[in-house]
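Topology and contacts: notes
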Amino acid sequence: MFEFGHDQAAGLRARQLPAPDVRVIPVASLSQPAQTYELLCTLAAHLTALGQMVVIADGSANEQPSRQPSPGAHLGLLQVLQNPDITGLEQAPYGQEWLVMPSALGLQALMQTARLAGAGVALSRLAAPFAPGVCVLVLASAAVHANLFAGLGARVMVPVIDQSQATLDAYSAVKQLHQSGVQPVLAPLADGPEATPPSAVHSVTACAQRHLGLTLDVWTVDTWGQRAQVCALTPPASRPASAWPRPNPIAPSLWN
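Conventions adopted
- Residues numbered from 1 in each chain as written.
- Predicted model: local features only at pLDDT ≥ 70, side-chain atom pairs only at ≥ 80, totals over all residues.
- Heavy atoms only, no water.
- Helix = DSSP H or I, 4+ residues; strand = E, 2+ residues; numbered from the N terminus.
- Buried < 20%, exposed > 50% of the residue type's maximum accessible area, 1.4 Å probe, protein only.
- Contact = heavy atoms within 4.5 Å.
- Areas by Shrake-Rupley, 256 points an atom, 1.4 Å probe, with all protein chains shown as cover.
- pLDDT = per-residue confidence, 0-100.
- Salt bridge = Lys/Arg side-chain N within 4 Å of Asp/Glu carboxyl O.
- Polar contact = N/O pair within 3.5 Å; in protein donor to acceptor, adjacent residues only side chain to side chain.
- Expected span 1.5 Å × (residues − 1).
- Lys, Arg positive; Asp, Glu negative; His and termini not counted.
- Arc of directions from axis to C-beta.
- Axes fitted to C-alpha atoms, helices over the stretch in contact; angles between N-to-C directions.
- Parallel < 35°, antiparallel > 145°, perpendicular 65-115°, else oblique.
- Nonpolar A, V, L, I, M, F, W, Y, C, P; charged D, E, K, R; others polar.

We now examine the overall build of the chain. Of regular secondary structure, the chain possesses nine helices and seven strands. Buried positions account for 44% of the 256 residues belonging to the chain. Of the contacts formed within the chain by residues at least 6 apart in sequence, a portion of 78% connects residues at least 24 apart. Looking at the chain as shown, the accessible area adds up to about 12,800 Å², and 56% of this sits on carbon and sulfur atoms.

What follows is the structure, encoded as structure tokens:
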């Protein structure tokens, strides 16, 4: 029973260790969100290869407004925010690589939470439905990230794509995020027919330096998974779901 080198208390200590935090990784969408999906899928694939469970909260897609979506419909972020019994989300539907949740309405609700109760509370509400250790990739406009994550030290990945409009969009996102106190980082695509040329990255970084006095970090595609994990947002010290105030059905609610 007392073999040399065998730690009798290891199992007990393992059970006492805190569960890993849900990690939130903001990704800015361009004016045409489809242009951002290649980056999003590449990032999700990198995180999966590193052994992470990935959920995508797609702020470019509206969820059904009802609490119970129709059979076959995607479960949306708004539904899980409204239903505290939904927890532990991580698994993708059969035949899909990742769980993708329409999230436009849920993110609007969380922005209201951030305005009324603070960004930390909004982040905790966002993380609450997901299983420990899940990486939640939040795809949304720069305006949403600026309102939702201001003051949290967030780093938002801004795609740079080989299209003139996309380059303008990237600089616009950088400017809005920076002026809101949220730190943008550039994420140029490196491979394939839409690989970002150095001139596009230079254009955005030069404009940011000239007009904003901002020196931008540039994350090369081979580092996305590692960097995103390190810089991900984690919710403040957790508290039981029952400790959160419940919505008043008469007064306007910051949760729904």
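So, about the confidence of the model for the chain. Chain-level pLDDT for the chain is 83 on average; 78% of the residues reach the 70-or-more range. Long-range and interchain partners of residues 1-17, a stretch whose pLDDT sits below 50, account for four contacts in this model, where long-range means more than four residues apart. Scored below 50 in pLDDT, residues 238-256 shows 26 contacts in the model against residues more than four places distant or in partner chains.

In this section: the pattern of salt bridges. For the structure on display, the rule yields one salt bridge. Of the charged contacts in the structure, one is a salt bridge between Arg-155 and Asp-217, with a shortest N-O distance of 2.7 Å. Of this pair, Arg-155 sits in strand S5 (residues 155-160) while Asp-217 sits in strand S7 (residues 217-218), placing them 62 residues apart in sequence.

A few words now on the side chain of His-145. Examined against the element boundaries, His-145 turns out to sit in helix H6 (residues 142-149). Within the local environment of His-145, its side chain forms a polar contact with the backbone oxygen of Val-27, the two atoms lying 2.9 Å apart. Not counting residues up to four positions away in its chain, the partners in contact with His-145 are Pro-26, Val-27, Ala-28, Val-138, Ala-140, Ala-150, Val-156, Leu-177 and Val-182.

When the terminal C-alpha atoms of helix H7 (residues 164-179) are compared, their 23 Å separation across 16 residues agrees well with the 22 Å that a helix rising 1.5 Å per residue should span. Buried residues of H7: Ala-166, Thr-167, Asp-169, Ala-170, Tyr-171, Ala-173, Val-174 and Leu-177, and no others. Turning to H7, the residues buried within the fold contact H6, S5, strand S6 (183-188) and helix H8 (198-212).

Structurally, Arg-23 is set in strand S1 (residues 23-28). Put simply, Arg-23 is tucked away with no salt bridge, and the nearest opposite charge, on Asp-21, sits 7.8 Å away. Of the polar contacts made by the side chain of Arg-23, one reaches the side chain of Gln-229; its length is 3.4 Å. If we skip the residues at most four places from it in the chain, Arg-23 touches Gln-52, Gly-133, Val-134, Cys-135, Val-136, Gln-229, Ala-232, Leu-233 and Thr-234.

Buried residues of helix H9 (residues 224-231): Trp-224, Gly-225, Ala-228 and Gln-229, and no others. Angular distribution of buried residues about the axis of H9 spans 125 degrees; they occupy a single face of the element. Contact partners of the buried residues in H9: S1, helix H2 (37-49), S5 and S6.

Moving on, we get to the packing of H2 against H9. Running from N to C, H2 and H9 point in directions that differ by 80 degrees, and their axes come no closer than 8 Å. It follows from the interaxial angle that H2 and H9 lie roughly perpendicular. Of the residues in H9, those in contact with Leu-39, Thr-42, Leu-43, His-46 and Leu-47 of H2 are Trp-224, Gly-225, Ala-228 and Gln-229. Considered class by class, the residues forming the contact of H2 with H9 number five nonpolar, four polar and no charged.

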